[in-house]
Amino acid sequence: MKPRQLGKPDEVAEYLGIPPKTLTQWRYNGTGPRFSKVGRHVRYRWSDVEKWLDQQAVGRSA
(Lines give C-alpha, C1' and ligand atoms only; values in the text may rest on other atoms or scores of the structure.)
Protein backbone atom coordinates (compact mmCIF):
# COMPACT_ATOMS: atom_id res chain seq x y z
CA MET A 1 0.00 0.00 0.00
CA LYS A 2 1.42 3.37 -1.02
CA PRO A 3 1.36 6.00 1.78
CA ARG A 4 -0.60 9.17 1.15
CA GLN A 5 1.54 11.92 -0.32
CA LEU A 6 2.41 14.94 1.83
CA GLY A 7 0.99 18.29 0.78
CA LYS A 8 3.24 21.07 -0.45
CA PRO A 9 2.41 24.60 0.75
CA ASP A 10 1.07 25.63 -2.68
CA GLU A 11 -1.19 22.56 -2.79
CA VAL A 12 -2.54 23.18 0.71
CA ALA A 13 -3.12 26.87 -0.01
CA GLU A 14 -5.02 25.97 -3.18
CA TYR A 15 -7.09 23.39 -1.31
CA LEU A 16 -7.99 25.97 1.37
CA GLY A 17 -8.65 28.65 -1.25
CA ILE A 18 -6.13 31.10 0.20
CA PRO A 19 -2.98 32.78 -1.13
CA PRO A 20 0.24 30.87 -0.37
CA LYS A 21 1.54 33.93 1.53
CA THR A 22 -1.37 33.62 3.97
CA LEU A 23 -0.36 30.05 4.73
CA THR A 24 3.22 31.24 5.28
CA GLN A 25 2.00 33.90 7.72
CA TRP A 26 -0.10 31.35 9.60
CA ARG A 27 2.96 29.10 9.88
CA TYR A 28 5.03 32.00 11.23
CA ASN A 29 2.29 32.97 13.72
CA GLY A 30 1.54 29.37 14.71
CA THR A 31 -2.14 29.69 13.79
CA GLY A 32 -2.42 27.42 10.74
CA PRO A 33 -2.39 23.66 10.31
CA ARG A 34 0.46 21.60 11.73
CA PHE A 35 3.39 21.18 9.38
CA SER A 36 6.63 19.27 9.21
CA LYS A 37 10.06 20.19 7.93
CA VAL A 38 11.50 17.57 5.60
CA GLY A 39 15.03 18.81 5.24
CA ARG A 40 14.47 22.45 4.32
CA HIS A 41 11.05 21.81 2.80
CA VAL A 42 7.72 22.46 4.52
CA ARG A 43 5.17 19.69 4.14
CA TYR A 44 1.69 19.07 5.50
CA ARG A 45 -0.05 15.83 6.38
CA TRP A 46 -3.49 15.99 4.82
CA SER A 47 -4.99 14.57 8.01
CA ASP A 48 -3.56 17.55 9.96
CA VAL A 49 -5.00 19.97 7.40
CA GLU A 50 -8.44 18.33 7.67
CA LYS A 51 -8.30 18.32 11.48
CA TRP A 52 -7.32 22.00 11.58
CA LEU A 53 -10.08 22.86 9.11
CA ASP A 54 -12.65 21.03 11.27
CA GLN A 55 -11.49 23.09 14.28
CA GLN A 56 -12.19 26.29 12.34
CA ALA A 57 -15.90 25.49 11.98
CA VAL A 58 -18.21 28.12 13.45
CA GLY A 59 -21.80 27.71 14.52
CA ARG A 60 -23.95 24.91 15.72
CA SER A 61 -24.43 21.55 14.13
CA ALA A 62 -27.97 20.52 13.29
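Residues numbered from 1 in each chain as written. Predicted model: local features only at pLDDT ≥ 70, side-chain atom pairs only at ≥ 80, totals over all residues. Heavy atoms only, no water.

### Concerning the side chain of Asp 48
Consideration 1: Of note, Asp 48 is situated in helix α3 (residues 46-55).
Consideration 2: Not counting residues up to four positions away in its chain, the partners in contact with Asp 48 are Pro 33 and Arg 34. (Helix = DSSP H or I, 4+ residues; strand = E, 2+ residues; numbered from the N terminus. Contact = heavy atoms within 4.5 Å.)

### Observations regarding α3
Consideration 1: Within α3, burial applies to Trp 46, Asp 48, Val 49 and Trp 52. The buried residues of α3 occupy one face: seen down the axis, they fall within an arc of 160°. The exposed residues of α3 that point more than 90 degrees off its buried face are Lys 51, Asp 54 and Gln 55.
Consideration 2: Buried residues belonging to α3 abut α1 (9-16) and α2 (20-29). (Buried < 20%, exposed > 50% of the residue type's maximum accessible area, 1.4 Å probe, protein only. Arc of directions from axis to C-beta.)

### Considering the nonpolar core
Note that soluble globular proteins tend to have their nonpolar side chains buried in a common cluster.
Consideration 1: One finds Val 12, Ala 13, Leu 16, Ile 18, Leu 23, Val 42, Tyr 44, Trp 46, Val 49 and Trp 52 forming the largest nonpolar core, which totals 10 residues.
Consideration 2: Only α1 and α3 provide two or more residues apiece to this core. (Core = buried A, V, L, I, M, F, W, Y, C linked by side-chain atoms within 4.5 Å.)

### Examining the packing of aromatic side chains
Consideration 1: Going through the model one piece at a time under the given rule, you end up with three aromatic pairs.
Consideration 2: Consider the rings of Tyr 15 and Trp 46, whose centres lie 5.6 Å apart with planes at 80°: the pair is edge-to-face. Residue Tyr 15 is located in helix α1, and its partner Trp 46 is located in helix α3; the two are separated by 31 residues in the primary sequence.
Consideration 3: Pairing Phe 35 with Tyr 44 gives two aromatic rings, centres 6.3 Å apart and planes at 55°, and the pair type is tilted.
Consideration 4: Residue Tyr 44 is classed as buried on the basis of its relative accessible area of 1%.
Consideration 5: The residue whose ring lies beneath Arg 27 is Phe 35, and the NZ or CZ to ring-centre distance is 5.8 Å. (Phe/Tyr/Trp six-rings, centres within 6.5 Å; stacked < 30°, edge-to-face > 60°. Lys NZ or Arg CZ within 6 Å of the ring centre and 35° of its normal.)

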